[in-house]
Amino acid sequence: QVQLVESGGGLVQAGGSLRLSCAASGLTFSNYNMGWFRQAPGKEREFVAGIRWSTTYYGGSVKGRFTISRDNAKNTVYLQMNSLKPEDTAVYYCAAGRRSLSTTVNDYDDWGHGTQVTVSS
């Protein structure tokens, strides 16, 4: 059974940084595309970043500020978030999928429970 556990969320001031981690188990990690999504209250779940092998892909609102990376030896994917803005406030979810690198929620098969990120102005 695939398990994804996010950590690293919290409260930060605008302009600050956070690093999210997602520890995966129950899967051959290196074979999976890994993604980060976020969902703010009253809004749809939004693609943030994805990684397949060393290829990365970003949502437009975070490009240049966020960096996704993975450590296949540790079965972990990271999201380094810099220059945070109040509009980045959301629950951040880690996701795993076997299809081609995608920005679409339905293309990911397994999800973590999320970690809250709150950016104060």
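So, here is what we can say about the structure in this document. Every value quoted in this text rests on a predicted model; they were computed, and no experiment measured them. (Residues numbered from 1 in each chain as written. Predicted model: local features only at pLDDT ≥ 70, side-chain atom pairs only at ≥ 80, totals over all residues. Heavy atoms only, no water.)

**Regarding the side chain of Ser102**
And step 1. Within the secondary structure layout, Ser102 lies in the loop between β9 (90–97) and β10 (110–111).
And step 2. The exposure class assigned to Ser102 is buried, which follows from its relative accessible area of 9%.
And step 3. Contact partners of Ser102, with chain neighbours within four places excluded, come to Phe47, Asp107 and Tyr108. (Helix = DSSP H or I, 4+ residues; strand = E, 2+ residues; numbered from the N terminus. Buried < 20%, exposed > 50% of the residue type's maximum accessible area, 1.4 Å probe, protein only. Contact = heavy atoms within 4.5 Å.)

**Quick look at the sheet that holds strand β8 (residues 76–81)**
Two modes of strand pairing occur in sheets, parallel and antiparallel, and in both the strands are linked by backbone hydrogen bonds.
And step 1. The four strands are arranged β1-β3-β8-β7 in an open sheet whose pairing can be described as antiparallel. The sheet is open, and its two edges are formed by β1 (3–7) and β7 (66–71), each paired on a single side. Strand-to-strand twist in this sheet, taken as the mean axis angle between neighbours without regard to direction, amounts to 15°.
And step 2. As paired strands, strand β3 (residues 18–25) and β8 are joined by six bridges and run antiparallel to one another. Following the sheet pairing, Arg19 is matched in β8 by Gln80. (Pairing = 2+ DSSP bridges. Axes fitted to C-alpha atoms, helices over the stretch in contact; angles between N-to-C directions.)

**Observations concerning the nonpolar core**
And step 1. With 28 residues, the main nonpolar core has Met34, Trp36, Val77, Leu79, Met81 and Tyr92 as its most contacted residues.
And step 2. Of all elements in the fold, only β3, β4 (33–39), β5 (46–52), β7, β8, β9 and β11 (115–120) reach the threshold of two or more residues within this core.
And step 3. If we skip the residues at most four places from it in the chain, Leu79 touches Leu18, Arg19, Leu20, Trp36, Val48, Ala49, Phe66, Thr67, Ile68 and Tyr92. (Core = buried A, V, L, I, M, F, W, Y, C linked by side-chain atoms within 4.5 Å.)

**Regarding the environment of Phe37**
And step 1. As for its position among the elements, Phe37 is in strand β4.
And step 2. What makes Phe37 buried here is its relative accessible area of 0%.
And step 3. Separated by 12 residues in the primary sequence, Phe37 and Ala49 place their C-alpha atoms 7.0 Å from one another.

Nothing here speaks to function; it is geometry throughout.
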